[in-house]
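Coordinates in review
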Amino acid sequence: MGALIHCQDLWKVYRLGDIGVQALRGVSLSIERGGFVAIMGASGSGKSTLMNILGCLDQPTRGTYLLDGLDIGKAGRDELAEIRNLKIGFVFQSFNLIPRTSALENAQLPLFYRGVPLRQQRERAAAALARVGLSGREHHAPAQLSGGQQQRVAIARALVSQPSILLADEPTGNLDTESSREIMGILDSLNRDDGITIILVTHEQDIAHYAARQIVVKDGQIQSDRSGEPAPIGGH
Amino acid sequence: MGAFIWLTVLTAFRILFRNRMRAGLTMLGIIIGVGAVIAMVSIGHGAKAVVQAQVASMGTNVIIVLPGATTVGGVRGSQGSGVTLTLSDALELKKRVPLLSETGWSKRDVMQIVYGNKNWNTPVNGISPSYLTIRDWSYSSGGPFTQADMEAGARVALIGQTVVENLYDVGEEPVGSVIRIKNVPFRVIGVLAPKGQSAQGSDQDDIIFIPFSTAERKVLGTQFLGSVGALFASTDHPDDLPAAVEGIREVLRARHRLQPEQQDDFTIRTQVDIGLVQEGTSQTLTLMMFSVASISLLVGGIGIMNILLVSVTERTREIGVRMAVGAKRRHILMQFLIEAMTLSLVGGLLGIVFGVIGAQITTVVAGWPTIISAESILVAFFFSLAVGLFFGLYPANKASRLNPIEALRYE
Ligand SMILES: Nc1ncnc2c1ncn2[C@@H]1O[C@H](COP(=O)(O)OP(=O)(O)OP(=O)(O)O)[C@@H](O)[C@H]1O
Ligand SMILES: [Mg+2]
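Description of the structure in this document. Not measured: the values here are computed from a predicted model.

1. Observations regarding the interface of chain B and chain A
- Between chain B and chain A, the residue contacts involve 26 residues of the former and 26 residues of the latter.
- Here chain B and chain A share an interface that buries about 2,400 Å² over both sides, 58% of which is from carbon and sulfur atoms.
- Counting across the chain B and chain A interface gives 2 salt bridges.
- Lys 328 of chain B serves as the salt-bridge partner of Glu 82 of chain A, at 2.7 Å between the closest nitrogen and oxygen.
- At the boundary of chain B with chain A, the tally comes to 12 residue pairs in polar contact (both at pLDDT 80 or more).
- At the level of elements, α1 (2–18), α10 (316–324), α11 (329–366) and α13 (404–409) of chain B are the ones that each hand at least two residues to the side of chain B that touches chain A.
- When residues in the side of chain B that touches chain A are grouped by element, the largest group, 7 residues, is from α1 of chain B.

Pasting the structure below:
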């Protein structure tokens, strides 16, 4: 069996008219279950492209991606949706909550598509909101919450389905330092206490230090892949 | 799947309510279309029921032969204006056209009727007893006269409801009383059950029947002895009507010695002819209402499609999020189809309500009878559902085919 994520020579080429943009140029990468990985790199280096492939939102042009032994490159659209639903949680830079819909309903969403009974959806979503410290805010709409709180709702939505992996593309990009620290604290705890594999993209060294492993991407290739003890920055 | 549909419907209603102004305008086409159909169908049904009752009041499978040729537009000389039909024609028809189960005849003239110190002008019909059977007359009191009365030239009369109302006091029993027709005393032996208006709009209850022989001898005068104002016949089965009509025509033409190039000197009518005229008008009405309805529904459907396309664009990010957390194509497809059908269904229900109210108002204001059928409501219901489904398909399909990454990145 081995690694949860196993990528071999991933290529992603975007066609823009006559020219092809090579966003990934042969990325090979393995990530163990329970890992905490930060992906860094300059703008346009291919971080988001890699994250989208790892998150099964997109498929590589070339190369193989095995997630839990499943060949993602060969999966169809609906299969990918199902894999995302069962194994992956997403946290986005811009929160991406459904507007004018309560925190609870936002957090319920993955269970809704999994066909979980309504009552159970509510209970589990409420538990997930409690986990991110939002008890009592279940019926608030996103517009009634601060950025940090919105991002916590997004994390609750990501973890409600008990995924193996949580993917966060610049989760603190829109947040102030204080909120960023809170969010990272939650992610850190999810990794340590719940054993959820976390992969996050960030531009900030401070944030990257939460991760046990830092990968730097440059021009669609892995430039460095360094494991080290996470620095004890922030904390709670 | 149950929870999915339930929540999606709930969400659809919430979105509809949130954008109620926009939704209301979108639904206008459906509301007008369905409302028009419901109102028009109920008016149509009401009118049809009236016509049917009128046609039925003629009796069943009735053939009427009138003297004189049919002229353009079906207008003919008044009954009895010619002398082309005679009693012997009637007797001959009975013998020679076996499809006829009954034949009868009548002759009429408007006369003054006197009872006590009251008088009333009404058509007095001298008829054969069989006429009463053919025309399906029944009696609210008393009963018909018989063949014996006919042969004896008895002075007995059957009077219609309108005559009763004009000659008798309320609560007074006409049967057994004596009225005077042209100063000849007649004993009233029956009151006819009311039939209401005829298909031509005349009051069928303003009438008096007396035996034909009595009428000829005592009342109508002997000027054209043996002539009749109209012949009546009936068949056992409606399918026999066309053949019977042909039989009658043949016999009468032979008796009247008409050459092949000559026109009939009589006119044959059946209920079918009378019903057809009415049906023609109601078909025009039906056609008109369906064009109004289908245009409104088309406009309504396009409105729904338009608003949904706007909604899909506005909610592109939401669609991306839903896809990211595991919505499959069919989930997104269903979500937008349900939203489209919610719109069209609410529009349809409002249309049904307005249609029913419109029909009631028509009855009250214009005095037209209306019948609201469960059938038309059900059809309207499913039709509006179908409109939503049909016009929702394109936007829903478009939403379900979005690329999740592009949708998530949409500004
Ligand atoms: N859909 C697309 N079509 C064409 N080119 C694309 C597309 N998505 C990304 N690219 C290109 O691929 C390259 C990598 O983009 P990517 O979004 O992965 O960068 P990134 O490392 O996430 O940058 P940032 O830090 O700014 O988010 C860029 O050159 C970008 O222009
Ligand atoms: Mg990026």
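2. Here we look at the site of ligand 1
- Neighbouring ligand 1 are 15 residues; Ser 43, Gly 44, Lys 47, Ser 48 and Thr 49 of chain A lie closest to it.
- One finds residues of chains A and B in close proximity to ligand 1.
- Contacts to ligand 1 include Gly 46 of chain A, whose backbone N or O atom sits 3.0 Å from an oxygen atom.
- With respect to ligand 1, the side chain of Lys 47 of chain A contributes an N or O atom lying 2.7 Å from an oxygen atom.
- Computed on the free molecule, ligand 1 has an accessible area of 630 Å², of which 69% lies beneath the protein chains in the complex.

3. Some words on the sheet that holds strand β10 (residues 221–227) of chain A
Residues and elements named next belong to chain A.
- Read across the sheet, 6 strands follow the order β6-β7-β8-β3-β9-β10 without closing on themselves; strand pairing throughout is mixed. Each end of this open sheet is capped by a strand with a single partner; those strands are β6 (88–92) and β10. Taken pair by pair, the neighbouring strands of this sheet meet at an average axis angle of 15°, ignoring direction.
- Relative to strand β7 (residues 165–169), β6 runs parallel, the two sharing 5 bridges. Residue pairing across strands places Val 91 opposite Ala 168, the latter belonging to β7.
- Its contacts with the sheet place helix α2 (residues 77–87) against β6 and β7, and it is angled at close to 85° to β6.
- Relative to the sheet, helix α5 (residues 147–159) contacts β6 and β7, its axis offset from that of β6 by approximately 170°.

4. Notes on the environment of Lys 218 of chain A
Residues and elements named next belong to chain A.
- Take Lys 218: it is sitting in strand β9 (residues 213–218).
- Taking the C-alpha atoms as reference, Lys 218 lies 9.8 Å from Arg 25; in sequence the two are 193 residues apart.
- With sequence-adjacent residues up to four places away left out, Lys 218 is seen in contact with Ser 45 and Gln 223.

5. What about a nonpolar patch on the surface?
- Taken together, the side chains of Leu 350, Val 353, Phe 354, Ile 357, Ile 361, Val 364 and Val 365 of chain B present a nonpolar region at the surface, about 680 Å² in accessible area.
- Its location among the elements puts Leu 350 of chain B in helix α11.

6. Description of empty space enclosed by the protein
- The final tally for this structure, using the stated rule, is 2 cavities of 30 Å³ or more.
- Taken together, Ile 88, Gly 89, Phe 90, Pro 110, Arg 157, Ala 158 and Ser 161 of chain A together with Ala 324 and Val 325 of chain B make up the full set of residues lining the largest cavity.
- Listed by contribution, the elements that provide at least two residues to the lining of the largest cavity are β6 and α5 of chain A.
- When residues in the lining of the largest cavity are grouped by element, the largest group, 3 residues, is from β6 of chain A.
- For the lining of the largest cavity, the per-class residue count stands at 6 nonpolar, 2 polar and 1 charged.
- Within this model, the second largest cavity holds a volume of roughly 40 Å³.
- Taken together, Ile 63, Val 65, Ala 90, Leu 93, Thr 103, Gly 104, Leu 231, Phe 232, Ala 233 and Ile 248 of chain B form the lining of the second largest cavity.
- When residues of the lining of the second largest cavity are traced back to their parent elements, those giving at least two are β1 (62–67), α3 (87–96), β2 (100–115) and β9 (230–235) of chain B.
- Ranked by the residues each element gives to the lining of the second largest cavity, the list is headed by β9 of chain B, at 3 residues.
- Its residues assigned to classes, the lining of the second largest cavity shows 8 nonpolar, 2 polar and no charged.

7. Description of the environment of Gln 144 of chain A
Residues and elements named next belong to chain A.
- As for its placement among the helices and strands, Gln 144 is situated in the loop between α4 (118–131) and α5.
- Relative accessible area serves as the criterion here: at 53%, Gln 144 is assigned to the exposed category.
- As a C-alpha pair, Gln 144 and Asn 174 span 30 residues in sequence and 17 Å in three-dimensional space.
- A distance of 2.8 Å separates the side chain of Gln 144 from the backbone nitrogen of Ala 141, its partner in a polar contact.

8. Concerning unusual backbone geometry
- A positive phi is found at Glu 170 of chain A, a non-glycine position, where the angle reads about 50°.
- Tracing the chain through its elements places Glu 170 of chain A in the loop between β7 and α6 (177–194).
- A positive phi is found at Asn 183 of chain B, a non-glycine position, where the angle reads about 70°.
- One can find Asn 183 of chain B in the loop between β6 (178–181) and β7 (184–192).
- For Asn 183 of chain B, a relative accessible area of 58% translates into the label exposed.

9. Regarding the nonpolar core
- Counting residues in each nonpolar core, the largest one holds 70 residues, and the members touching the most others are Ile 5, Ile 39, Tyr 65, Leu 67 and Ile 199 of chain A.
- Per element, the largest residue contribution to this core is 7 residues, and it comes from α11 of chain B.
- If we skip the residues at most four places from it in the chain, Leu 67 of chain A touches Leu 4, Ile 5, Cys 56, Ile 72, Ile 83, Lys 87, Ile 88 and Ile 165 of chain A.
- In terms of nonpolar packing, the next biggest core, distinct from the first, is built from 39 residues, Val 91, Ala 156, Ile 196 and Ile 207 of chain A among them.

10. Quick word on the pairing of β10 of chain A
Residue and element names in this part refer to chain A.
- Strand direction decides the pairing type here: β9 and β10, joined by 6 bridges, are antiparallel. Of the residues in β10, the one forming a bridge with Val 216 is Ser 224.
- Linkage of β9 to β10, two consecutive antiparallel strands, is achieved through a turn of 2 residues, within which Asp 219 is found at a positive phi near 50°.

11. Describing the layout of surface pockets
- Here the largest pocket is characterised by a volume of approximately 920 Å³.
- In terms of lining residues, the largest pocket is bounded by 38 residues, among which Ser 48, Asn 52 and Asp 169 of chain A together with Ile 405 and Arg 409 of chain B are the most central.
- Elements that contribute at least two residues to the lining of the largest pocket include exactly β1 (5–16), β2 (19–31), α1 (47–54), β6 and β7 of chain A together with α13 of chain B.
- Each residue belonging to the lining of the largest pocket can be placed in one class, and the counts come to 12 nonpolar, 15 polar and 11 charged.

Rules of the game
Residues numbered from 1 in each chain as written. Chains lettered and ligands numbered in written order. Predicted model: local features only at pLDDT ≥ 70, side-chain atom pairs only at ≥ 80, totals over all residues. Heavy atoms only, no water. Contact = heavy atoms within 4.5 Å. Buried area = accessible area lost by both parts, 1.4 Å probe. Salt bridge = Lys/Arg side-chain N within 4 Å of Asp/Glu carboxyl O. Polar contact = N/O pair within 3.5 Å; in protein donor to acceptor, adjacent residues only side chain to side chain. Helix = DSSP H or I, 4+ residues; strand = E, 2+ residues; numbered from the N terminus. Near = heavy atom within 4 Å. Areas by Shrake-Rupley, 256 points an atom, 1.4 Å probe, with all protein chains shown as cover. Pairing = 2+ DSSP bridges. Axes fitted to C-alpha atoms, helices over the stretch in contact; angles between N-to-C directions. Patch = residues over 30% accessible without salt bridge, like charges linked within 9 Å, V, L, I, M, F, W, Y side chains within 5 Å. 1 Å grid on protein atoms, 1.4 Å probe; cavity = no way out; pocket = protein on both sides within 12 Å on 5 of 7 lines; lining within 4 Å. Points joined across faces, edges and corners; volume = space filled by probe spheres on them. Nonpolar A, V, L, I, M, F, W, Y, C, P; charged D, E, K, R; others polar. Buried < 20%, exposed > 50% of the residue type's maximum accessible area, 1.4 Å probe, protein only. Core = buried A, V, L, I, M, F, W, Y, C linked by side-chain atoms within 4.5 Å.

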